[in-house]
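What follows is each chain in one-letter form.
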Amino acid sequence: MHNRKPFFRFFKKILKIFKRKPKVINFNDKLEESAIYLSNHSGASGPLTHELYFPINFRFWGTHEMVGSIKERYRYLSQIYFYQKKHINKYLSKIIAFFATPILYLFYKGMQIIPTYTDSRLRQTLEESYIELNKGNSIIIFPENSSSGYHKELIQYFAGFLLLAKMYYKKFGRSLKIYNMYYCKKQNKLIIDKCIDYAELIGQDDKELAEVFKNKANQLYKTYCLDK
């Protein structure tokens with residue numbers, strides 16, 4: 001995106017040689033700026049595809065360990081990402097993480113990840129997101145629960161994206177558009193469901209709404225990706 005620094009934009013041009021542009025099925029007349037976009041991870045494929053080809057300026061939400069120190073990043077990659085989520089052998093995970101950490105350090109720095117937290121520091125995440133939204137940039141969030149790995153059929157959505165929409169509405173009086181997306185890795189296909197205006201959701205339970213968004217994402221998978 002144009003809000004990335006010049007060297008990283010150059011680096012992405014090289015990556016595009018090896019990563020094809022996805023086929024996009026978009027059920028919207030246009031993609032709004034200053035909006036919230038939800039997506040599944042599909043391992044690292046989802047974030048990489050969005051970073052290379054998503055057509056509007058945005059910032060990712062990402063776990064804070066991956067924007068911390070080198071030691072924190074190595075620990076996260078070796079103990080969580082490769083071992084718990086990718087189900088790679090514990091010792092092999094450590095070896096892979098050793099080589100991957102410096103590369104991903106540069107990549108995450110280039111992507112300018114907004115770190116997310118599960119404690120009071122979440123306020124920092126929201127404040128940084130407000131700044132980006134007010135600049136006209138969007139936020140891409142991966143709300144799936146991937147603690148047991150990355151599933152094609154998603155098992156749970158966390159409701160942090162609804163908290164962002166709710167708090168932004170309270171602070172600035174503007175209702176954000178929320179787009180639900182699903183990336184099909186095998187078919188290299190991105191499905192973008194019709195957006196929902198947060199104002200239509202006010203007063204409903206966040207956990208129940210997160211379940212609705214998760215079910216809609218799974219329906220996109222079943223309709224456009226499963227056995228296609």
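Just so it is clear, the model here is predicted, and its values are computed rather than measured. (Residues numbered from 1 in each chain as written. Predicted model: local features only at pLDDT ≥ 70, side-chain atom pairs only at ≥ 80, totals over all residues. Heavy atoms only, no water.)

Draft legend 1. A look at the packing of helix α1 (residues 6–15) against helix α4 (residues 90–111). It is the contact of α1 with α4, at a shortest axis distance of 10 Å, that shows an interaxial angle of 115°. Between α1 and α4 lies a crossing whose hand is left-handed. Contacts between α1 and α4 involve Phe-8, Phe-11 and Leu-15 from the former and Phe-107, Gly-110 and Met-111 from the latter. When its residues are assigned to classes, the contact of α1 with α4 shows five nonpolar, one polar and no charged. (Axes fitted to C-alpha atoms, helices over the stretch in contact; angles between N-to-C directions. Helix = DSSP H or I, 4+ residues; strand = E, 2+ residues; numbered from the N terminus. Left-handed = near helix turned anticlockwise from the far one by under 90°. Contact = heavy atoms within 4.5 Å. Nonpolar A, V, L, I, M, F, W, Y, C, P; charged D, E, K, R; others polar.)

Draft legend 2. A look at a nonpolar patch on the surface. A surface patch of nonpolar side chains, amounting to about 720 Å² of accessible area, comprises Phe-7, Phe-10, Phe-11, Ile-14, Ile-17 and Phe-18. Along the chain, Phe-7 turns up in helix α1. (Patch = residues over 30% accessible without salt bridge, like charges linked within 9 Å, V, L, I, M, F, W, Y side chains within 5 Å. Areas by Shrake-Rupley, 256 points an atom, 1.4 Å probe, with all protein chains shown as cover. Salt bridge = Lys/Arg side-chain N within 4 Å of Asp/Glu carboxyl O.)

Draft legend 3. Molecular detail of the pairing of strand β5 (residues 138–141). Because side chains alternate across β5, one face comprises the buried residues Ser-138 and Ile-140, and the other comprises Ile-139 and Ile-141, equally buried. Both strand β2 (residues 36–38) and β5 contribute to a ladder of three bridges, which runs parallel. Across the sheet, Leu-38 pairs through a bridge with Ile-141, a residue of β5. As paired strands, strand β3 (residues 58–63) and β5 are joined by three bridges and run parallel to one another. Bridge pairing in β5 places Phe-60 opposite Ile-140. (Buried < 20%, exposed > 50% of the residue type's maximum accessible area, 1.4 Å probe, protein only. Pairing = 2+ DSSP bridges.)

Draft legend 4. Summary view of helix α6 (residues 160–172). In a regular helix each residue adds 1.5 Å, so 13 residues correspond to 18 Å; α6 covers 18 Å between its end C-alpha atoms and thus fits that length. Taken together, the buried positions of α6 are occupied by Phe-161, Leu-162, Leu-164, Ala-165 and Tyr-168. End-on, the buried residues of α6 take up no more than an arc of 155°, which puts them together on one face. Facing away from the buried side of α6, by more than 90 degrees, are the exposed residues Lys-170 and Lys-171. On its buried face, α6 is in contact with β2, β3, α5 (122–134), β5, β6 (177–184) and α7 (206–224). (Expected span 1.5 Å × (residues − 1). Arc of directions from axis to C-beta.)

Draft legend 5. Representation of unusual backbone geometry within the structure. The backbone of Ser-34 sits at a positive phi, close to 55°, despite the residue not being glycine. In this structure, Ser-34 sits in the loop between β1 (23–26) and β2. Positioned with a positive phi, His-87 is a non-glycine residue whose angle comes to about 60°. Among the structural elements, His-87 can be located in the loop between α3 (70–85) and α4.

Draft legend 6. Summary view of the nonpolar core. Among the nonpolar cores identified, the biggest contains 32 residues, and Ile-36, Phe-161, Leu-164, Ile-178 and Phe-213 are the most heavily contacted of them. Elements that contribute at least two residues to this core include exactly β2, α5, β5, α6, β6 and α7. Here the element with the most residues in this core is α7; it accounts for six residues. Those residues in contact with Ile-178 that sit more than four places away from it in its chain are Ile-36, Leu-38, Phe-161, Leu-162, Ala-165, Cys-195, Ile-196, Tyr-198, Leu-201 and Phe-213. In terms of nonpolar packing, the next biggest core, distinct from the first, is built from 18 residues, Ala-35, Phe-60, Tyr-183 and Leu-190 among them. (Core = buried A, V, L, I, M, F, W, Y, C linked by side-chain atoms within 4.5 Å.)

Draft legend 7. A look at the state of the cysteines. Tallying each qualifying case throughout the model produces one disulfide. Paired by a disulfide, Cys-184 and Cys-225 hold their sulfur atoms 1.6 Å apart. Within this pair, whereas Cys-184 is found in strand β6, its partner Cys-225 is found in the segment after α7, the two being separated by 41 residues in sequence. Cysteine Cys-195 remains unbridged, with the sulfur of Cys-184 as its closest cysteine sulfur at 20 Å. (Disulfide = S-S within 2.5 Å.)

Draft legend 8. Quick look at the packing of aromatic side chains. On inspection of all chains with the given rule, the structure shows 17 aromatic pairs. Judged by centre distance (5.6 Å) and plane angle (80°), the ring pair of Tyr-130 and Phe-172 falls under edge-to-face. Taken together, the residues Tyr-130 in helix α5 and Phe-172 in helix α6 connect sequence positions 42 residues apart. Tyr-130 sits in the buried class, given a relative accessible area of 5%. Here the aromatic rings of Tyr-168 and Phe-172 are separated by 4.7 Å at their centres, their planes lie at 40°, and the arrangement is tilted. Note that Tyr-168 and Phe-172 are positioned in helix α6 at a spacing of four residues, about one turn of the helix. Of the residues examined, Tyr-168 reaches a relative accessible area of 1% and is grouped as buried. Aromatic rings pair up to connect Tyr-37, Phe-54, Phe-58, Phe-60, Phe-142 and Tyr-179 into one cluster. (Phe/Tyr/Trp six-rings, centres within 6.5 Å; stacked < 30°, edge-to-face > 60°.)

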